[in-house]
Amino acid sequence: MKRSREINSLISIGIVGLIILFGAPLSLDLFSVISLTTAISLAILALSLGLIWGFGGILCFGQTAFFGIGGYAYAIAALNFGGSTGAIIAAVLVAAAAAAILGYFMFYGRLSDVYLAVITLTVTLILYSVIRRTSGPEYKIGIAKLGGFNGINVPPINYPWDATQFLYPEHVFYVAMVALLLAYFLCVWLTKSHFGRVCVSIRENEVRTELLGYDIRFYKLCMFTVGGAIAGLGGIMFANSIGRITPDVFNLYNAALAIIWVIIGGRGTLIGPVFGALILFYLTSFLGRQAVVNINLFLGLVLIVFVLVVPKGIVPSLVELWDRRKSRRMTARSARRMRRRGRSRVKEVQVED
Amino acid sequence: MDLFAALALQIIYGIANLVLISIGLAVIFGMMRVINLAHGEFLMLGGYTVIVATNNGVNIWIAMFIFAPLIVGIIGLIVEWCLIRFLYGRMVDTLLATWGLSLFFIGLITTIFGAQTATTISPPFGAITIGDYSSSGYELFLIFIAILAVALVYLLFRYTKLGLVARGTMQGADMAASLGVSTQRVYSTTFGIGAALSGLAGGLLAPITGVLPTIGAIYIGKAFITVISGGTAILAGTASASILLGAVNGIVAFVVGPTMGEVALLLLAIVLLRLMPQGITGRFFKRSL
Amino acid sequence: MRTNVVLETRSLSMHFGGVVAVNRVDFSLRENELRCLIGPNGAGKSTFFKCLTAQLRPTSGEVVIRDFNVSGSESHQVARMGVGIKTQVPNLFDGLDVEENIWLSASQSASLKRSRVITSEVIERLQLGDVRKSQLGSLAHGQRQLVELGMVLAGEPWLVILDEPTAGMTQEEVIRTAEIIREINKSATMIVVEHDMQFIRMIARKVTVFHQGQILLEGDMDEVSADARVREVYLGHRKTS
C-alpha cells in the first residue's frame, strides 16, 4: 500500500511537472516566465540540499557555494569557449569537483554535524568576500573578467553545438524545467537505489553502518559530490535566467534561504524542498514589493517558528495529517462493522438459549 | 627594521582582532557545545549601542565598556530565556534557531535604523608612528583590551564560584546536575556572559569598521573558524587558534594581499580540522580552560 | 600449534589518559572455537572488544585477524574481512523496518538478488516474520537484540564478535539466543563478551576471564568456575553487588 502510494505520488508529480513545462509559456507573459525560470533554478538548489541533508544527513549550510560556483564556472567557460554546450558540462563538473575536494577534508576528517555546518557556511562567506574584491582588470580567467561585485554578464544558452543560435527566454524556461524534472527523478532513483539506502542508514546510525562494513566517509563524499553537481546545475540555470552572476549568490542571506526552503518544505522528502523554494520565492518577492515588513525579519521569524513548532516541515506534516484522518475514518468504519457483527452474534446467542 | 616592527604589530593586531570577535562565541561553544549563529548580530548590536549612546551624549568610554556589554548581555539573557532553553541537547535545531534569530536581528535593526551605515564615530586615539610607518593608536589599545578580556575570562572561570560551577558543568552536565547545580542557570548565565563579551567587542570595533545591519556577516566567518579550530577549551582554544590563524592571515595578507589572507585562513582551518577534527585543544591542552 | 589461529592480539594495550583499560593482553583464537570473555564490570572486556573491531585504536600492541594487522584500520575494513559485529547497546536503524535493517547487512557483500534471499532466510530462521515490516523503533528490547543478531547473520561472517548479546532479555529469549549462537558456531568462529554466567554455561566451551585489564585465566567452564581466584574477583564480586 505504501509502495503504490509512492508510485502514485511520483506519477502525479511528473504530470504536474509536464503541465507546468508545456502550460506555463502558453499562459504566462514573458516577465512571469522569466521569473518562473529563476524560481525553478532555485528549486534545483533546494532539491540538492534536500537530497544531501534529508537523505545523507549532511548538514550543509553553504550549499549556495556550489550553486554560485556552477553559475560562475558556466559564465567563465561560456565566454572562453564561445558557446554554452561545453560550458554547461564544465560548470557541473567544476561544482562537483569543488564539493568533492571540500567533502574529502570534512568527511575523512570525520567532522561532526555542527562543525560541518559551520565550515560549509564559512566557505560560502569567504567566497563572497573574495569574489567581491575581484573588480580590478587583473582578475580574469581567460578572457572572462570576474568583475568584483558587479559580477559577470552571462552569455545565454545556445542550441547544442551551434553558438550562433541563442535560446530565447521562453526556451531557457524549457531547459530549466527539464533540468529540474531530470534532477528530481535522478534524486528519486538515487534514494531508492542501494547507494541511497546505505546513505539513509548512515543518517540513522553511523556506527552501525560502519560495523556492517560500509565506508561511511566514501558514501557521504559521493552524496555530497552529487549534491554539489545538482546545485551547480541550478546555478547555471540561475545565471541564465538573470543574465548575470554576482557575488551576492554567496552571501549570508541566500545561504539562509536555502536552509529555510528545506526546513519549511520538509527534510526527508524531495518534493518538499522544491515546494519550499517556489513558495518562498514568490512570497519574498511579494513582500519585497509591499515593503511593509522587512524580509529578514520575516524570514527569521519563519525559521524560528518552524524549528520550534513544525520541525518536520510542511509536506511531511500534511502527509501525516492526511494519514491520521484516513486511519480515523477507517477505524470508525471498522468499529461500526464490528458493532454490527457483535450485535448479530448476541442475537444468535439468544436464539441458542 | 621599522618595516618588521610595523608588520609584527599588524600581525599582533590581527590576532587580537580574532580574539575579540571570537571570545564571546567561544565561551558559549565551550560551555554549551552550541554554535551561536547570531553571534555576528550580537557584535552588530554592540556597535549600534555604542553609536546610539554616543550620539545621545554618553561618554564614548562609558558607551563602550558599560552600555555595550550590558545591553547585549541582557539581550543574550532574553534570547536564552525565550528560545535557547527549549532546544538544549538539540544541536542542529539550536543552530537553525539561532540562524533565524540572526535574520530577525538584521531585519529589526534595518527596520529601525535603515539599511545604510549609521552615523560613524571616530576612534578616540590618534596615530602613532614607528620610523617611516604609522600605526593606529586605537589598534594598540585593542591589543591591550584583547589581553585584558582573556585575563578577565580566565579569572572569572578560575577563581569565582560561578566559574567553578561552570567548569564542573563543562566536564559533565549530568554529574553537576546530580550534585545540585542548576545547569539551566549555568547555561543562561554563560549565554549572557558570552553575549556581553560579544557586545563589548562589537562596540570596540565600531569606530574602525562602522556599523551596518549586515555587518555581522563579515565577522562570523572568521569567528567560526577560530572557535572550531580551537576546540572546546575556551581560552586555550581561542588563544592558540587566534595566534596560528592570525599569524598566517597577517603574513599572507602582507605578501599576497588581504583577500588571499582570508583564503589562507580558511584553507588552513580546513586542513587543520582534517588533521585534528576536535580542534587544536581536542589534541593538545586537553584539560585546560 | 600455531595452525588455524584466526585471531590474535599481541601485547595489546589501551590507555585512556592515566587509566589502563587493557594491559598487554596476548590472546589467541582458533578456527571454529566459541570463546566467552567474562569478567566483572570495568575488567576491560568492552574496551578489548572495541580494539578487536577497530572502533578504538590501541595505544600499543597489535590485533591480527587472519595474518592481517588491523590495529590501524577503520572498523568498516574489519567488518569487510567477513567479521560480524554486535555492539553492547543495540545499534540499529530505528527509522527503518526489520527487513531493511537485515537487507542492508546482507547487501554489503552479496549481490542485490542474493541479499533478498538471505534476508528472508534470516527472518525465517529468527522467527521475525510477524514484525518484518515494523519499524525498529517500535519493537521491544528483546526483539531488537534478535534483529541485531539477524544483521550479524545476514553478513554471512566467518568470525562473529558479540558484546553482551543477552542484555535485557527475558529468560525465554536468552534460551533462544543461546540456541542461535550454537547454530551460528557451526559455520563461524565466535567470541562472546558476557557477564551472565548462566548464559555462558549454556553455550561456552572455553572461557577467558578478564580482570583489571589482563587475562586472569583461560580454561573450560568447570575449570574456571572451580578456580578460587575467579570466585573471588568475579563470582564473589557478583554476590556482594
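Not measured: the values here are computed from a predicted model.

**Observations concerning the overall build of chain A**
Along the backbone of chain A there are 13 helices and six strands. With the C-alpha coordinates aligned to their principal axes, the bounding extent of chain A is approximately 105 × 55 × 45 Å. The buried share of chain A, reckoned over its 353 residues, is 48%. Counting contacts in chain A only where the partners sit at least 6 residues apart, residues at least 24 apart contribute 76% of the total.

**A few points about the interface of chain A and chain B**
Of the residues lining the interface, 37 residues belong to chain A; the matching set on chain B comes to 33 residues. Breaking the side of chain A that touches chain B down by element, the ones donating at least two residues are α4 (85–108), α5 (113–132), α10 (252–265) and α12 (295–309) of chain A. At 12 residues, the largest contribution of residues to the side of chain A that touches chain B is made by α5(A). When its residues are assigned to classes, the side of chain A that touches chain B shows 27 nonpolar, seven polar and three charged.

**A short note on the arrangement of the chains**
Ranking by contact count across two pairs of chains in contact places chains A and B at the top. The two units chain B and chain C remain apart, with a minimum C-alpha distance of 10 Å.

**As for the sheet that holds strand β8 (residues 189–193) of chain C**
Residues and elements named next belong to chain C. Taken in spatial order, the six strands make up an open sheet running β6-β7-β8-β3-β9-β10, and their pairing is mixed. Looking at which strands have only one partner, the edges of the open sheet turn out to be β6 (83–86) and β10 (214–220). Taken over all neighbouring pairs, the strand axes of this sheet differ in orientation by 15° on average, direction set aside. As defined by bridge partners, strand β3 (residues 34–38) adjoins strand β9 (residues 206–211) across four bridges and the pair is classed as parallel. Across the sheet, Ile-38 pairs through a bridge with Val-209, a residue of β9. Packing against the sheet, helix α6 (residues 171–187) makes contact with β3, β7 (159–163) and β8, and its axis sits at approximately 145° to β8.

**Quick look at the confidence of the model for chain C**
Residue and element names in this part refer to chain C. Per-residue pLDDT for chain C has a mean of 86; in total, 95% of the residues score no lower than 70. Looking at the elements of chain C, mean pLDDT is at its lowest for helix α9 (residues 228–240), recorded as 63, and at its highest for β8, recorded as 92. Scoring of the predicted complex yields 0.88 for pTM and 0.87 for ipTM.

**Here's the deal with the nonpolar core**
Of all hydrophobic cores here, the largest spans 274 residues; its most connected members are A:Ile44, A:Ala46, A:Leu47, A:Tyr74, A:Ala91, A:Ala95 and B:Leu20. In terms of residue count, the dominant contributor to this core is helix α1 (residues 2–32) of chain B (15 residues). Apart from residues no more than four positions distant in its own chain, B:Leu20 is found in contact with B:Leu142, B:Ala146, B:Ala149, B:Ala201, B:Leu204 and B:Leu205.

**With respect to the pairing of β3(C)**
Residues and elements named next belong to chain C. With respect to burial, β3 is a largely interior element, five of its five residues being buried. Residues of β3 alternate between two faces, with Leu-34, Cys-36 and Ile-38 on one and Arg-35 and Leu-37 on the opposite face, all of them buried. As judged from the four bridges shared by β3 and β8, these two strands associate in the parallel manner. Of the residues in β8, the one forming a bridge with Leu-37 is Val-193.

**Regarding the sheet that holds strand β1 (residues 5–16) of chain C**
Residue and element names in this part refer to chain C. One open sheet accounts for four strands, arranged β2-β1-β4-β5; its pairing is antiparallel. Here the strands that pair on one side only, and so sit at the sheet edges, are β2 (19–30) and β5 (68–69). Pairing between β1 and β2: eight bridges, direction antiparallel. Of the residues in β2, the one forming a bridge with Glu-8 is Ser-28.

**Observations regarding the interface of chain A and chain C**
On the chain C side, the residues contacting the 14 residues of chain A number 21 residues. Sorting the residues of the side of chain A that touches chain C by element identifies α7 (194–204) and α8 (206–211) of chain A as the ones contributing at least two each. Element by element, the count of residues in the side of chain A that touches chain C is highest for α7(A), at five residues. Looking at side-chain class alone, the side of chain A that touches chain C contains five nonpolar, four polar and five charged residues.

Conventions used here
Residues numbered from 1 in each chain as written. Chains lettered and ligands numbered in written order. Predicted model: local features only at pLDDT ≥ 70, side-chain atom pairs only at ≥ 80, totals over all residues. Helix = DSSP H or I, 4+ residues; strand = E, 2+ residues; numbered from the N terminus. Buried ≥ 20, exposed ≤ 12 C-beta atoms within 10 Å, placed from the backbone. Contact = placed C-beta atoms within 7 Å. Nonpolar A, V, L, I, M, F, W, Y, C, P; charged D, E, K, R; others polar. Pairing = 2+ DSSP bridges. Axes fitted to C-alpha atoms, helices over the stretch in contact; angles between N-to-C directions. pLDDT = per-residue confidence, 0-100. Core = buried A, V, L, I, M, F, W, Y, C linked by C-beta atoms within 7 Å.

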